[in-house]
Amino acid sequence: MRFQIDAHDPHSLARAGRLYTAHGVLRTPVFIASATHATIKGLAPEEVAHAGIQIVAVNGYHLWLRPGIELIQKAGGVHKFMRWKRPILSDSGGFQVFSLARSRTITRKGVRFQSHIDGSPRFMTPDVSIEAQSALGTDIAMIFDECVAYPSPREYVEESVEVTLDWARRSKAAHSNPHQHLFGIIQGGTFEDLRRRSAEETVKIEFPGYALGGLSVGEPRDDMLRVIQATLPYLPEDRPRYVMGVGTPTDILACVRLGIDVFDCVLPNKNARHGSLFTSHGMVKIKNARFKEDERPLDRHCDCEACTKYTRAYLRHLWMAEEPFGSRLLTLHNLRHYAAFMERVREGIAAGTLSRMHVAEGRAD
Ligand SMILES: [Zn+2]
């Protein structure tokens, strides 16, 4: 994998670069938008691309259960199936197996569980996960890992780190798709020494990129940042670093300053569906009565369709009437907000002005 660092921030460990994939070059730091079921709810791929989203993430676990990997493979791979021309990352399904599946049993071989859709018995192993992701034809695949819940006893996390290391080796051995980059995942909960072991051993297996998993799962924010800061020195500087499941713009900016290059989070999509919008002046709850007759745009600094064409009063009306168009416009806005935010982060690194950048927190007026 070619990963080129173009600029370093003089005041932090932030870096800006380019990550080359089979479907194009990603400008880092980059935010990956969630397209779990091979769609961003309510939006056409062209709209998502137009919003400035460079890469989306589909989920191996969900697509494996429905519609099935073979069907997507027959359709020519997930890019063709969903008509998204830019890079795609697939998650191995580790997180979903541990958060969604019913009655699961973990062994060194893999995880036996019941599908959360129809209760059918399933057995997910590193080999099954890697084969599935390879058949999907994604640009970046993730090793199959165990994502430990927070909080978990140290003994459990210690054992789990060994399981994930074992699965990392098997994932790499099973991986043969030359057009796809397979990333390793560092686990270890909030224990710095276990994170160090996980990082050092995973780096020995050698992957073109490394992710930090099992964060943003309910631990205090300070713990998350402490763990990232303590782990990054054990990861090679010339490989992309990805923190999974993070986060708000505030958290992303903090992680960028620690040296993280890649992020993914369901937050912009999910919050939009709950009427909660990220704006340049803070969070906006569109259902709030004070927007009833508000003729102003949602965010005058935003160039998305929702902000350039419609008023807060109209967006609130759509929301109150539960019109699908409302949810669509709000999702588009949140994605554009994230993409534009990442553009400013990259510009800030290149110009050496990142230290002056801040995120408006709390509720907007
Ligand atoms: Zn907007």
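Basis of the calculations
- Residues numbered from 1 in each chain as written.
- Predicted model: local features only at pLDDT ≥ 70, side-chain atom pairs only at ≥ 80, totals over all residues.
- Heavy atoms only, no water.
- Helix = DSSP H or I, 4+ residues; strand = E, 2+ residues; numbered from the N terminus.
- Buried < 20%, exposed > 50% of the residue type's maximum accessible area, 1.4 Å probe, protein only.
- Contact = heavy atoms within 4.5 Å.
- Polar contact = N/O pair within 3.5 Å; in protein donor to acceptor, adjacent residues only side chain to side chain.
- Salt bridge = Lys/Arg side-chain N within 4 Å of Asp/Glu carboxyl O.
- Donors = N, O, S within 2.8 Å, 3.2 Å for Na, K, Ca; no water.
- Tetrahedral: all angles 85-135°; square planar, octahedral: opposite > 155°, others 65-115°.
- Pairing = 2+ DSSP bridges.
- Axes fitted to C-alpha atoms, helices over the stretch in contact; angles between N-to-C directions.
- Parallel < 35°, antiparallel > 145°, perpendicular 65-115°, else oblique.
- Left-handed = near helix turned anticlockwise from the far one by under 90°.
- Core = buried A, V, L, I, M, F, W, Y, C linked by side-chain atoms within 4.5 Å.
- Phe/Tyr/Trp six-rings, centres within 6.5 Å; stacked < 30°, edge-to-face > 60°.
- Lys NZ or Arg CZ within 6 Å of the ring centre and 35° of its normal.

Caption draft 1: Structural context of the overall build of the protein chain. Scanning the protein chain for helices and strands turns up 14 helices and 16 strands. On the principal axes, the C-alpha backbone points of the protein chain span a range of 60 × 50 × 40 Å. Per-residue burial for the protein chain yields a buried fraction of 56% across its 365 residues. In the protein chain, the share of contacts with a sequence separation of at least 24, taken over all contacts with a separation of at least 6, comes to 66%.

Caption draft 2: Up close: the side chain of Asn 269. Summarising the element assignment, Asn 269 is placed in helix H11 (residues 267–273). Overall, the relative accessible area of 6% leaves Asn 269 in the buried class. Of the polar contacts made by the side chain of Asn 269, one reaches the backbone oxygen of Ser 34; its length is 3.1 Å. Setting aside residues no more than four positions away along its own chain, Asn 269 makes contact with Ser 34, Ile 40, Thr 331 and Leu 335.

Caption draft 3: Spotlight on the pattern of salt bridges. Across all of its chains, the model carries 22 salt bridges by this definition. Across the salt bridge formed by Arg 108 and Asp 166, the nearest N and O atoms sit 3.8 Å from each other. Highlighted residues: Arg 108 in the loop between strand E7 (102–106) and strand E8 (111–114) and Asp 166 in helix H7 (residues 154–174), separated in sequence by 58 residues. According to the relative accessible area criterion, Arg 108 is partly exposed, its value standing at 41%. A relative accessible area of 21% places Asp 166 in the partly exposed class. Through salt bridges with shared partners, a single network forms among Glu 162, Arg 197, Glu 201 and Lys 204.

Caption draft 4: Local environment of the environment of Asp 9. As for its position among the elements, Asp 9 is in the loop between strand E1 (3–8) and strand E2 (15–21). Accessibility expressed as a relative area gives 5% for Asp 9, which makes it buried. For Asp 9, the contacting residues outside a window of four places in its chain are Ala 14, Ile 349, Gly 352 and Leu 354. A polar side-chain atom of Asp 9 sits 2.6 Å from a polar atom in the side chain of Ser 12.

Caption draft 5: Structural detail: the coordination of the zinc ion. Within the first shell, the zinc ion binds the protein through Cys 302 (SG), Cys 304 (SG), Cys 307 (SG) and His 333 (ND1), at distances of 2.1 to 2.3 Å. Around the zinc ion, the four donor atoms are arranged such that angles at the metal cover 97 to 118 degrees; this shape is classified as tetrahedral. Along the chain, the residues donating to the zinc ion fall in the pattern C-x1-C-x2-C-x25-H. Taken together, the positions of Cys 304 in the loop between strand E16 (282–285) and helix H12 (305–309) and His 333 in helix H14 (residues 324–351) put the pair 29 residues apart, joining distant regions of the chain. A relative accessible area of 0% places His 333 in the buried class.

Caption draft 6: Geometry of the sheet that holds E1. Strand order in this open sheet of three strands is E1-E2-E3, and the pairing throughout is antiparallel. The strands lining the two open edges of the sheet, one partner per strand, are E1 and strand E3 (24–28). Sheet twist, expressed as the mean angle between neighbouring strand axes with direction ignored, is 15 degrees.

Caption draft 7: Region of the structure containing the packing of helix H6 (residues 126–136) against H7. Put simply, H6 and H7 touch, their axes get as near as 9 Å, and they point 40 degrees apart. Comparing the axis directions of H6 and H7 gives the class oblique. Note on packing geometry: the crossing formed by H6 with H7 is right-handed. Facing H6, whose interface residues are Pro 126, Asp 127 and Ile 130, H7 presents Trp 167, Arg 170, Ser 171 and Ala 174.

Caption draft 8: View of the nonpolar core. Within the largest apolar cluster, 93 residues are counted, with the highest numbers of intra-cluster contacts made by Val 56, Ile 228 and Phe 263. No other element matches the eight residues that H14 contributes to this core. Within the second largest apolar cluster, 15 residues are counted, among which are Leu 277, Leu 315, Leu 318 and Leu 329.

Caption draft 9: Layout of the packing of aromatic side chains. One pass over the full model with this rule turns up eight aromatic pairs. Ring centres of Phe 144 and Trp 167 lie 4.9 Å apart, and the angle between their planes is 20 degrees; on these two criteria the pair is classed as stacked. Here Phe 144, found in the loop between strand E10 (140–142) and H7, pairs with Trp 167, found in helix H7; they are 23 residues apart in sequence, far enough to count as distant. Neither Phe 144 nor Trp 167 differs from the other in exposure class; each is buried. Aromatic side chains Phe 278 and Tyr 338 sit 5.2 Å apart centroid to centroid with 80 degrees between the ring planes, which places their arrangement in the edge-to-face category. One end of the pair, Phe 278, is in strand E15 (residues 276–279); the other, Tyr 338, is in helix H14, and 60 residues separate them in sequence. Each member of the pair Phe 278 and Tyr 338 is classed as buried. The lysine or arginine in question, Arg 2, covers the ring of Tyr 20, its NZ or CZ lying 4.1 Å from the ring centre. Positioned above the aromatic ring of Trp 64 is the side chain of Arg 122, whose terminal nitrogen or guanidinium carbon lies 5.3 Å from the ring centre.

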